[in-house]
Amino acid sequence: IDTNDKSGLSDFCDTVEETQLQYTNVPYTGCPAVDGVLFYYIKRTEKENIRFQYQGNLRHSGITDMDLCVMIGNALENAFEACLHIESDRFVTLTAERDGDIVSVMVQNAFDGQVKNNADKIVSRKGEKRIGVGLQTISSVCEKYNGTMKTEWNDHTFTVLMVLTARADI
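All values reported here derive from a predicted model rather than from experimental measurement.

1. Here we look at the environment of Cys83
When you line up the elements, Cys83 lands in helix α3 (residues 65–83). Separated by 33 residues in sequence, Cys83 and Ile50 have C-alpha atoms that sit 7.4 Å apart. In this structure Cys83 touches Ile50, Arg90, Phe91, Val92, Asn109 and Ala110, once residues within four positions along its chain are discounted.

So this is what it looks like as structure tokens:
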């Protein structure tokens, strides 16, 4: 502070924040807006006895905070809803990383193995023959960053993988 080293002070605050947050059950992503989204879903999953885990870092992701929140929020909402259809071993896992210009975000969750398709699109369970708006929204965000979204599932786990190209102007 005395030397007016704003960059050094910012780095110090980030280090203190990361160190202190290890003593709470709220993940630190490096993006305060996403941290707010995660906090919301952590509280929801705790109430429903769903294990939640986060690993990664979204600091300097090259994706706007709004787009990250829309993408991750939709994926977590779908994951949370899917867990409500099963009785035991409920979990949601979020991982995120940036490698060069490539940003990858993956959400995996437990589910009952039931997927409804209509013309190669996953249909929402909330309404008959209604295409899942959350997945469409995620896909749109990925395309905005010259990326893609992929879904995979087996009898017990559903995975949404989002791969985007970081923008230098963000």
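2. Examining the packing of aromatic side chains
In this structure the tally under the stated criterion is three aromatic pairs. Ring plane angle 75° and centroid distance 5.6 Å describe the contact between Phe111 and Phe158, whose orientation is recorded as edge-to-face. You can see Phe111 sitting in the loop between β3 (102–110) and β4 (117–118) and its partner Phe158 sitting in strand β7 (residues 157–165), a full 47 residues away along the chain. Note on accessibility: Phe111 and Phe158 belong to one class, buried. A ring pair is formed by Trp153 and Phe158, whose centres lie 5.6 Å apart and whose planes are at 0°; its orientation type is stacked. Here a set of aromatic residues connected by ring pairs shows up, and it is made of Phe111, Trp153 and Phe158.

3. Focus on the pattern of salt bridges
On inspection of all chains with the given rule, the structure shows nine salt bridges. For Glu46, the salt bridge identified is with Lys43, shortest N-O distance 3.4 Å. Here Glu46 pairs with Lys43, and both are found in helix α2 (residues 32–47), just three residues apart, close to one helical turn. Exposure remark for Glu46: the relative accessible area of 40% places this residue in the partly exposed category. Exposure remark for Lys43: the relative accessible area of 35% places this residue in the partly exposed category. The salt bridge involving Asp101 is made with Arg98; its shortest N-O contact spans 3.7 Å. By relative accessible area, which is 48% here, Asp101 ends up partly exposed. For Arg98, a relative accessible area of 37% translates into the label partly exposed. Three or more residues joined by partner-sharing salt bridges are found here, namely Arg44, Glu77 and Glu81.

4. Section: the sheet that holds strand β1 (residues 51–56)
Pairing within the open sheet is mixed, and its five strands lie in the order β1-β2-β3-β7-β6. On the outer flanks of this sheet lie β1 and β6 (148–153), each paired with one strand and no other. In this sheet, neighbouring strand axes are inclined to one another by 10° on average, regardless of whether the strands run parallel or antiparallel. Of the strand pairs in this sheet, β3 and β7 are connected by nine bridges, and their pairing is antiparallel. Across the sheet, Val103 pairs through a bridge with Leu164, a residue of β7.

The rules behind these values
- Residues numbered from 1 in each chain as written.
- Predicted model: local features only at pLDDT ≥ 70, side-chain atom pairs only at ≥ 80, totals over all residues.
- Heavy atoms only, no water.
- Helix = DSSP H or I, 4+ residues; strand = E, 2+ residues; numbered from the N terminus.
- Contact = heavy atoms within 4.5 Å.
- Phe/Tyr/Trp six-rings, centres within 6.5 Å; stacked < 30°, edge-to-face > 60°.
- Buried < 20%, exposed > 50% of the residue type's maximum accessible area, 1.4 Å probe, protein only.
- Salt bridge = Lys/Arg side-chain N within 4 Å of Asp/Glu carboxyl O.
- Pairing = 2+ DSSP bridges.
- Axes fitted to C-alpha atoms, helices over the stretch in contact; angles between N-to-C directions.

Worth remembering: the numbers are spatial, not functional.
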